[in-house]
Amino acid sequence: MSTLIKGGHIVTAVDDYLGDILIEGETISAIGASLDAGADRVIDAAGKYVIPGAIDPHTHMEMPFGGTVTCDDFTSGTTSAAFGGVTSLVDFCLQTPGQSIPDALATWHEKIERCPPVIDVGFHMAITDLHDGGRLEDVAQVPEQGVTSYKLFMAYKGAIMVDDETLFRTMQVAARTGALVMVHAENGDVIDVLVKQALAEGRTEPRWHAATRPPHTEAEATDRAIRLAHLAGCPLYVVHVSCQEAVEPVAAARARGWRTWAETCTQYLFINEQHLEEPDFQGAKYVFTPPPRPAHNHELLWRALQTGVLSAVSSDHCPFRISDQKTLGRDDFSKIPNGAPGIENRLHMLHHFGVRESRITMSQLVDLCCTQPARLFGLFPRKGTIAVGSDADIVIWNGEKPLTLSAASHHSNIDYNLFEGTKVVGAPEVVLLRGQVIVEGDELVAAPGAGRFVARARFGEQLQPAHEERLART
Ligand code: URP
Ligand code: ZN
Ligand code: ZN
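Along each chain, residue indices are assigned from 1 in the same order as the chain's sequence is written. Just so you know, chain letters begin at A and ligand numbers begin at 1, following the order they were written in. Since the coordinates come from a predicted model, pLDDT governs what is reported: local features require at least 70, and pairs of side-chain atoms require 80 or more to be given and counted, while whole-chain, interface and lining totals use all residues. Side-chain descriptors were evaluated using all non-hydrogen atoms of the structure, hydrogens and water having been removed beforehand.

Draft legend 1. Expanded view of the overall build of the chain. Looking only at helices and strands, the chain has 12 helices and 19 strands in total. Its C-alpha atoms give the chain a radius of gyration of 21 Å, within 12% of the compact-globule value 23 Å for 474 residues. Dimensions of the chain along its principal axes, counting C-alpha atoms only, are 70 × 50 × 45 Å. Exposed residues in this analysis have more than 50% of their type's maximum accessible area, buried residues have under 20%, and partly exposed residues fall in between, with area computed by a 1.4 Å probe over protein chains only. Taken across its 474 residues, the chain has 62% of its residues classed as buried. Surface accessibility follows the Shrake-Rupley procedure with a 1.4 Å probe radius. Residue values consider only the protein chains on display as shielding. Carbon and sulfur atoms make up 49% of the accessible area of the chain, which amounts to about 16900 Å² in all. Secondary structure is summarised from DSSP: a helix means a run of H or I of at least four residues, a strand means a run of E of at least two, and numbering begins at the N terminus for each. For the radius of gyration, the atom set is restricted to C-alpha positions; the globular benchmark scales as 2.2 Å times the number of residues to the power 0.38.

Shown next, in the form of structure tokens:
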């Protein structure tokens, strides 16, 4: 099967030009000014952007957490992703404390077999326990299976938080195995004290979620993780940076030339701590961690994206329904499951408020949502760009299409939208995964199972384009 995408405005992290793209099978076989190849299918992209399929490096599908389980499985979550122009995601395989690492990985593979994805999927290994269940020998084996990043939580005390010994020992293993270490950076011990004190004073409403996790708890843990990773000699990626106080240690480390990278998430550019005060427990929709911050952080985070201090924007898609899951914490903010949906609207929000409002260019949007995630997480150049030999993961983006974001406008199992009522201009029109159209307008064209597990390369190594891998095998 061959497909010709004609006359589109092709944008990568470094290029911006009009051209045609020929796809043969699953990969891009030619890019030119005027290709006429008698393709089986021709897609007219005149007047549209043609960009690489987006990569979401931070999602939580069907993850047990906070006394419940996120409400998207890999089929519903990746369907939602596809409608948002996302063609690959990397999900956190979470070791249940006490569980072995091979068991945890097997559990995540079962999830994608039971609920097959619509887009391609990789895993990070989230290590929660090396005292009872997890073993460093097993941690060291995980990159052999294409799982080339370890995640550790420095918060969520009494649940999945690790101590500094576990963090540092894992970093030492990563330095040997070529894995990237990712951290959720908050000081969980201090937060635990603040939460207990707030509850003892009868503070139970959602807004106390933010009040008990002040920016310095994030900044301190960010700085600690950066220094420990440098000492251990491994590369570090700080997830969901939410505020200027946490940007500063990242900027300082990068200025020193240390191997530190960091992301923010869409919600930290738009939601502020006052959202937690919405009446009738509606503030619980915004209980995600780190919490929404004072609004002045929004422009500071945009600046960190513009200047390259932050390298990526993920969604941290971690959906819990407001109707019957967030309610676990109706009488106690600390029991509200932490997390929010977002996988479908990341590009909509960044295109409208980033590109259209001149905070970033379209190339920067591609860099933040496609190319940098591909490079950092061992998917480049197979994914994350438009080049001959790369997977034909392509989004034809209609930069003029108006859309109102709402719970009803998205395709996840979630029952609310963080950006409810926001009017944006710009949306995916056609989404292709490895040459197969998976979304066309409002229709999901692919069946579950169109997506597959991707074994990723180690940090700093390239994931060979599929045809080169085949050639190497023959
Ligand atoms: O609130 C959040 N972010 N929930 C998901 C787990 C995590 O910390 O990433
Ligand atoms: Zn986190
Ligand atoms: Zn997360």
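Draft legend 2. Seen up close, helix α4 (residues 164–177). The span you would expect from a helix comes to 1.5 Å times its residue count less one. In a regular helix each residue adds 1.5 Å, so 14 residues correspond to 20 Å; α4 covers 20 Å between its end C-alpha atoms and thus fits that length. When α4 is considered as a whole, its buried residues turn out to be Thr166, Leu167, Thr170, Met171, Val173, Ala174 and Thr177. Along the long axis of α4, the arc covered by the buried residues comes to 165°, so they all point the same way. The contact criterion used is simple: two residues touch if any of their non-hydrogen atoms lie within 4.5 Å. If you follow the buried residues of α4, they end up packed against α3 (136–141), β11 (149–153), β12 (180–184), α7 (215–232) and β13 (236–238). Following α4 by one or two positions, Gly178 has its phi on the positive side, about 80°. Comment: arc refers to directions from the helix axis out to C-beta atoms.

Draft legend 3. Molecular detail of the environment of Val425. Relative to the helices and strands, Val425 resides in strand β17 (residues 423–433). Spatially, the C-alpha atoms of Val425 and Pro64 are 35 Å apart, while their sequence positions differ by 361 residues. Setting aside its immediate chain neighbours within four residues, Val425 contacts His351, His352, Arg356, Gly399, Glu400, Lys401 and Pro402.

Draft legend 4. Representation of the side chain of Glu186. As for its placement among the helices and strands, Glu186 is situated in the loop between β12 and α5 (188–200). Residue classification places Glu186 among the buried residues on the basis of a relative accessible area of 0%. N or O atoms closer than or at 3.5 Å make up a polar contact, with two conditions inside protein: a donor-capable atom paired with an acceptor-capable one, and, for residues adjacent in sequence, both atoms drawn from side chains. A distance of 2.8 Å separates a polar atom in the side chain of Glu186 from a polar atom in the side chain of His184. A distance of 2.9 Å separates the side chain of Glu186 from the side chain of Arg213, its partner in a polar contact. Sequence-distant contacts of Glu186, that is, excluding residues within four places in its chain, are made with Met154, Ala155, Ile191, Arg213, Thr217, Glu218, Ala221, Thr289, Pro290 and Pro291.

Draft legend 5. Up close: the coordination of the zinc ion (ligand 2). In this description, a donor is an N, O or S atom within 2.8 Å of the metal centre, a cutoff extended to 3.2 Å for sodium, potassium and calcium. Water is not part of the atom list, which can make sites seem incomplete. Distances from the zinc ion (ligand 2) to its protein donors, His184 (ND1) and His240 (NE2), fall within 2.0 Å. Around the zinc ion (ligand 2) sit 4 donor atoms, and with donor-metal-donor angles ranging over 57 to 151° the site reads as irregular. Among the residues examined, His184 registers a relative accessible area of 1% and is labelled buried. Looking at His240, the relative accessible area reads 3%, which means it is buried. Any coordination sphere not matching a tetrahedral pattern (four donors, all angles between 85 and 135 degrees) or a square planar or octahedral pattern (four or six donors, opposite donors over 155 degrees apart, other angles between 65 and 115) is reported as irregular.

Draft legend 6. Up close: the pairing of β12. Taken across its 5 residues, β12 has 5 buried, putting it largely inside the fold. Judged by which residues are buried, β12 turns out to be covered on both faces: Leu180, Met182 and His184 on one side and Val181 and Val183 on the other are all buried. With 5 bridges joining them, β11 and β12 adopt parallel strand pairing. By the bridge assignment for β12, Tyr150 is matched with Val181. Between the parallel elements β11 and β12, the chain passes through α4 in a crossover that is right-handed. If DSSP finds at least two bridges between two strands, the strands pair. With 3 bridges connecting them, β12 and β13 associate as parallel partners. With its strands directed away from the observer, a crossover is right-handed exactly when the path from the first strand over the helix to the second travels clockwise.

Draft legend 7. Structural detail: the coordination of the zinc ion (ligand 3). Surrounding the zinc ion (ligand 3) are the protein donor atoms His58 (NE2), His60 (NE2) and Asp316 (OD), at 2.0 to 2.1 Å. Counting gaps between the donor residues of the zinc ion (ligand 3) yields the pattern H-x1-H-x255-D. Separating the zinc ion (ligand 3) and the zinc ion (ligand 2) is a distance of 4.0 Å. Of the two residues, His58 sits in strand β6 (residues 54–59) while Asp316 sits in the loop between β15 (312–314) and α10 (346–356), which places them 258 residues apart along the sequence.

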